[in-house]
Amino acid sequence: MLKANDPCWCGSGKKFKRCHRDRTEQLRPGTISPARSVPPEIPRPDYAESGEPHRWAEPRVKSPDVIRRMRTAGRAAAEILELGGAMAAPGVTTDEIDAAVHQAYIDHGGYPSTLNYRGYPKSLCTSVNEVICHGIPDDRALRDGDIVNLDVTIFLDGVHGDTNATFLVGDVDAASRQLVEVTRQCLEHGIEAVKPGRPFNEIGRAIETHAHAHGYEVVRAFVGHGIGEQFHTDLQIPHYFEPRFTTVIEPGMVFTIEPMISIGTGNHRIWDDDWTAVTADGSRTAQFEHTVLVTDTGVEVLTAPAVVPAQGSTAS
Ligand code: MF3
Ligand code: CO
Ligand code: CO
């Protein structure tokens, strides 16, 4: 936690007490609404009832059939994230976003992958300000100046599509806007590092280099992951340089890249809800995530938002 006379996390050079201390109240746990249900005709992942995923040795290189289904799941996840992001405004509660996103999965014929995953109670993660990840939607209304990450995962046609983005709520201070923009760039640099034949550690190296160039820290406790018929496989992708991670990237692999970047410390604490991860010093953090497929030449982003045709375009 920052002390009154420490330099403010926003980089203004002012003391914390003269800058953001009284403007950014630290977040507190809110009230979580009762569980939302999914219609019985929607196919569920194996953990939907028990909360415990059954782990098995899923191939890292996916079959053409799995890849085809993951394209569809990825596109659906991207659309649902866009819908959730459009709701991020002052006065809207994260539970209201959960309700809308929950219905959107169902409208796509999918199941909210996070719902009862290891007991997680909601249909997406909503991580506000100093929350790094796994924030639980509750009755707190978003406030002017907040930043909020929405992490959407759909289970559709037997596979998962996982994507997240950080959204600005109303009028956000310049330091936080810069954090969000640089974090978006960190994901782009990570994706550009994906090439068949390269070691996996090039991804984290690219992300870390960019974050450090802006004076930010990379959160090390949470990593990208293999994904497919299982939400999380044994493959882990750190967002920092890990020299020993020399496993070679191969065409047909599918995994997420999801850097969490902090203005202050990259160390975290977990709330008593056993989910919400916050920065140890209360500084703000941002995150962006895509699910990517390795191709023969580079990468295909499976959760890329649909391209909006230019005005006057004849494409239909
Ligand atoms: N979607 C998150 C990820 O990117 C995982 C959330 S798991 C939950 O891997 F249980 F917290 F929802
Ligand atoms: Co993920
Ligand atoms: Co995610």
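To keep things clear, this report deals only with the structure shown in the data block.

The rules behind each value
Residue indices follow the written sequence of each chain, beginning from 1 at its first position. Whichever chain is written first is A, and whichever ligand is written first is 1; the rest continue in order. Confidence filtering applies because this is a predicted model: local features only for residues at pLDDT of at least 70, side-chain atom pairs given and counted only at 80 or more, and all residues used for totals across whole chains, interfaces and linings. Based on all heavy atoms of the structure, the side-chain values leave hydrogens and waters out of the count. The cutoff for a nearby residue is simple: one of its non-hydrogen atoms must lie within 4 Å of the molecule or strand. A 3.5 Å cut-off defines polar contacts: any pair of N or O atoms within that distance qualifies, except that in protein one atom must be a possible hydrogen donor and the other a possible acceptor, and neighbouring residues in sequence count only when both atoms are side-chain atoms. Each accessible area is a Shrake-Rupley result for a 1.4 Å probe, and residues are judged covered by the shown protein chains and nothing else. Metal donors were taken as nitrogen, oxygen and sulfur atoms no farther than 2.8 Å from the ion, or 3.2 Å where the ion is Na, K or Ca. Water is excluded, so coordination may look unfinished. Think of it this way: with four donors and all angles in the 85 to 135 degree range, the site is tetrahedral; with four or six donors, opposite ones beyond 155 degrees and the rest between 65 and 115, it is square planar or octahedral; otherwise it is irregular. Secondary structure counts use DSSP, requiring at least four H or I residues in a row for a helix and at least two E residues in a row for a strand, with both numbered from the N terminus. Only protein chains enter the area calculation, which uses a 1.4 Å probe; residues under 20% of their type maximum are buried, those over 50% are exposed, and those in between are partly exposed. Residue contacts are counted whenever heavy atoms from the two residues lie within 4.5 Å of one another.

**A look at the site of ligand 1**
In step 1: Taken together, 14 residues lie around ligand 1, and Thr114, His225, His232, Glu258 and Glu289 are the ones closest in.
In step 2: Between Asp151 and ligand 1, the recorded distance is 3.1 Å, taken from a side-chain N or O atom to a nitrogen atom.
In step 3: One nitrogen or oxygen atom from the side chain of Glu258 is found 2.8 Å from an oxygen atom belonging to ligand 1.
In step 4: For ligand 1, the accessible surface in isolation is 330 Å², of which the surrounding protein chains cover 97%.

**A look at the coordination of the cobalt ion (ligand 2)**
In step 1: At this site the cobalt ion (ligand 2) is bound by Asp162 (OD), His225 (NE2), Glu258 (OE) and Glu289 (OE), with donor distances of 2.0 to 2.2 Å.
In step 2: Around the cobalt ion (ligand 2) sit six donor atoms; with metal-centred angles ranging over 52 to 163 degrees, the donor geometry is irregular.
In step 3: Written as a sequence motif, the donor residues of the cobalt ion (ligand 2) are D-x62-H-x32-E-x30-E.
In step 4: Distance-wise, the cobalt ion (ligand 3) is placed 3.3 Å from the cobalt ion (ligand 2), both being coordinated by Asp162.

**Side note on the coordination of the cobalt ion (ligand 3)**
In step 1: Protein coordination at the cobalt ion (ligand 3) comes from Asp151 (OD), Asp151 (OD), Asp162 (OD) and Glu289 (OE), with a distance range of 2.0 to 2.4 Å.
In step 2: Considering all six donor atoms around the cobalt ion (ligand 3), the spread of angles at the metal, 58 to 169 degrees, places the coordination shape in the irregular class.
In step 3: All donors to the cobalt ion (ligand 3) come from one chain, and their sequence spacing reads D-x10-D-x126-E.

**Description of the side chain of Thr153**
In step 1: Here Thr153 is to be found in strand β4 (residues 147-156).
In step 2: Assessed through its relative accessible area of 0%, Thr153 is described here as buried.
In step 3: At a separation of 2.9 Å, a polar atom in the side chain of Thr153 contacts the side chain of Asp162.
In step 4: Sequence-distant contacts of Thr153, that is, excluding residues within four places in its chain, are made with Tyr105, Tyr111, Pro112, Ser113, Thr114, His160, Gly161, Asp162 and Phe231.

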